[in-house]
Amino acid sequence: MSISKAPLVVDLDGTLIATDTLAESVVKLIKRSPLNLFRLFFWLLRGRASLKSQVAALVELDASRLPYRQELLAYVKAERAAGRKIVLATAAHESIASRVASHLGLFDLVLATKGSRNLKGDEKLKAIRSEVGERFSYAGDSATDLPVWCAAESALLVGVSNTVAKSVRAKNTLIEREFAVDSGEFGTWLKALRVHQWVKNSLLFVPFFLAFGYVDPFELVWLVIAFFAFSFVASATYVVNDLWDLDNDRGHPRKCKRPFASGALSIPRGLAVSGALLVTGFGAALVVTPAFCLMLLVYLVVTSAYSWFLKGYVLMDVMSLSVLYTLRILAGALASTATISSWLLAFSVFMFLSLALVKRCGELVSLEAAGGEATTGRDYRVTDLAVLWPLGVGAALSAVVVFGLFISSPDTTNRYGAPELLWLAALGLIYWLARLWIKTSRGEMHDDPVAYAIKDRGSRITVLFMLGIVLLAHSLHIPL
């Protein structure tokens, strides 16, 4: 038998699929109940095989939604069509391996972790030799596969590091095929941490800006530190939120390309980075003020509640998002000596409620265009648009009304040299909000209206116009 026809043994985690099934199962288990963290610890004391068995008994992964490496999968299909024997050999639990094998329909034999035997490294090699024989080719992805590669007639390397590749070649193992994996990690991490979303945290500067305290450079320094502290914690929550939403994201036409849903980044590294960002963020927050640190903790609690369960309830999710935006403004006041008025708080609640509803309506419009009826993981249906449209537009108009009342208030008259100019900003606000809703109705709205506004030329011009008017209204004095 030629080398090309030797049985092809394929690893699962990190090789055939761009994720770790145990890590995904653990995340789903913790999502179900945080108390399961303690159970995981005791299961691990009995060994990894026992841990995998216990977790697999409680969690079922959907094999159809796992991120398969399409290039390798196509190669395996071609080899099977040519008459080659295909074997799945994995350290994943046998229940997971069986579901994958059933979904793909490619494997003549499945070897996986079962009972007290963890099929990894040398144990995997023993199982392959026992069930397949001495002659086989092996497709793997990490250093733990070295014992198997060294015994194989040929090796298939899937996204391995240069060090691992050199080790395989040093053993005089024939390289049958190499499958490169996109290594653009820096850009991938920027997407995972949603650095572009940090613009939302510029709301921390709003109380400072409206108090016109920009002449004090020291306060600005503290606000910059507060901005990064908030951004680090927010990015940590984005990572956890994406891990919580893996199944739902993979069923979404655009979110399926997110770093964790697509398998571009590993779950363990995501959790490690998230933890590091939390520690750094709260450390910086303590440097600012204890009160600001406490507000950041409140933000973390609310956003965690949103990720864990609030996002699954109709309207509760958009109200939570509105509160999270408003908390940023409150945090900005605590990071400086600026004060905030009830006008600003009322305006922000209505404004951000409208923007949150833009996001939901945009998703439902896209879903309707695709022929869907209900969202996955969220309690929304296409028929809800009949209620959400007027609710969102009504919230936008309420924000405009609050802004108009603010213009007419005695406090504004005393603080602004030409408060009448603020009516021009009100017109700009009406135009901008109406523009967002029209774009949403046309199906042109991105998942996040803030991100859309940054890219949209008309939105940028309108927002800059409104900011300019506010500055003029404060600095000028026009006797009427």
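This write-up is about the structure you can find in this document.

What counts and how
Residues numbered from 1 in each chain as written. Predicted model: local features only at pLDDT ≥ 70, side-chain atom pairs only at ≥ 80, totals over all residues. Heavy atoms only, no water. Helix = DSSP H or I, 4+ residues; strand = E, 2+ residues; numbered from the N terminus. Buried < 20%, exposed > 50% of the residue type's maximum accessible area, 1.4 Å probe, protein only. Contact = heavy atoms within 4.5 Å. Lys, Arg positive; Asp, Glu negative; His and termini not counted. Charge placed at Lys NZ, Arg CZ, Asp CG, Glu CD. Arc of directions from axis to C-beta. Axes fitted to C-alpha atoms, helices over the stretch in contact; angles between N-to-C directions. Nonpolar A, V, L, I, M, F, W, Y, C, P; charged D, E, K, R; others polar. Phe/Tyr/Trp six-rings, centres within 6.5 Å; stacked < 30°, edge-to-face > 60°. Core = buried A, V, L, I, M, F, W, Y, C linked by side-chain atoms within 4.5 Å. Patch = residues over 30% accessible without salt bridge, like charges linked within 9 Å, V, L, I, M, F, W, Y side chains within 5 Å. Areas by Shrake-Rupley, 256 points an atom, 1.4 Å probe, with all protein chains shown as cover. Salt bridge = Lys/Arg side-chain N within 4 Å of Asp/Glu carboxyl O.

Before going further, it helps to examine the overall build of the chain. Counting its regular elements, the chain contains 21 helices and 6 strands. Overall size of the chain, expressed as C-alpha extent along the three principal axes, is 95 × 50 × 40 Å. Scored against the burial criterion, the 480 residues of the chain give a buried share of 51%. The long-range share in the chain, meaning contacts at least 24 apart out of those at least 6 apart in sequence, stands at 65%. Positive and negative side-chain charges of the chain, numbering 48 and 39 respectively, have mean locations separated by a distance of 2 Å.

Looking now at helix 8 (residues 162-170). The complete set of buried residues in helix 8 reads Val 164, Ala 165 and Val 168. Within helix 8, the buried residues cover an arc of 100° as seen down the axis, which keeps them to one side. Away from its buried face by more than 90 degrees, helix 8 exposes Asn 162, Thr 163, Lys 166 and Ala 170. Close packing links the buried residues of helix 8 with helix 7 (146-151), strand 5 (154-158) and strand 6 (174-179).

This part takes up the packing of helix 13 (residues 267-288) against helix 14 (residues 290-308). The interhelical angle for the contact between helix 13 and helix 14, taken along N-to-C directions, is 145°, at an axis separation of 7 Å. Residues Leu 278, Gly 281, Phe 282, Ala 285, Leu 286 and Val 288 of helix 13 lie in contact with helix 14, whose contacting residues are Phe 292, Cys 293, Leu 296, Leu 297 and Leu 300. Looking at the contact of helix 13 with helix 14 residue by residue, the class counts come to 10 nonpolar, 1 polar and no charged.

Attention shifts here to the packing of aromatic side chains. The description of an aromatic ring pair uses the distance of the two centres, along with the angle that the planes make with each other. Counted according to the given criterion, the structure contains 17 aromatic pairs. On the basis of an interplanar angle of 50° and a centroid distance of 6.1 Å, the ring pair of Phe 347 and Phe 403 is categorised as tilted. Highlighted residues: Phe 347 in helix 16 (residues 342-369) and Phe 403 in helix 17 (residues 385-408), separated in sequence by 56 residues. What makes Phe 403 buried here is its relative accessible area of 15%.

Grouped burial of nonpolar side chains is what soluble globular proteins tend to show. Counting residues in hydrophobic clusters, the biggest one holds 73 residues, and the most contacted among them are Phe 292, Tyr 299, Met 351, Phe 403, Leu 429 and Trp 432. Tallying contributions element by element places helix 16 first for this core, with 13 residues. Not counting residues within four places of it along the chain, the set of residues in contact with Trp 432 comprises Met 351, Leu 355, Ala 453, Ser 459, Thr 462 and Val 463. Counting 52 residues, the second largest nonpolar core, distinct from the first, contains Ile 17, Leu 29, Leu 40 and Leu 193.

Residues Phe 309, Tyr 313, Val 314, Leu 315, Met 316, Met 319 and Leu 391 make up a contiguous nonpolar surface patch of about 630 Å² in total accessible area. For Phe 309, a relative accessible area of 46% gives the class partly exposed.

Tallying each qualifying case throughout the model produces 23 salt bridges. In this structure, Arg 194 engages Asp 242 in a salt bridge whose closest nitrogen and oxygen atoms are separated by 2.3 Å. Of this pair, Arg 194 sits in the loop between helix 9 (185-192) and helix 10 (206-210) while Asp 242 sits in helix 11 (residues 217-244), and the two are 48 residues apart along the sequence. With respect to burial, Arg 194 and Asp 242 carry one shared label: buried. Notably, a salt bridge pairs Arg 258 with Asp 242, separated by 3.3 Å at the nearest N-O pair. Taken together, the positions of Arg 258 in the loop between helix 12 (246-250) and helix 13 and Asp 242 in helix 11 put the pair 16 residues apart, joining distant regions of the chain. Assessed through its relative accessible area of 3%, Asp 242 is described here as buried.

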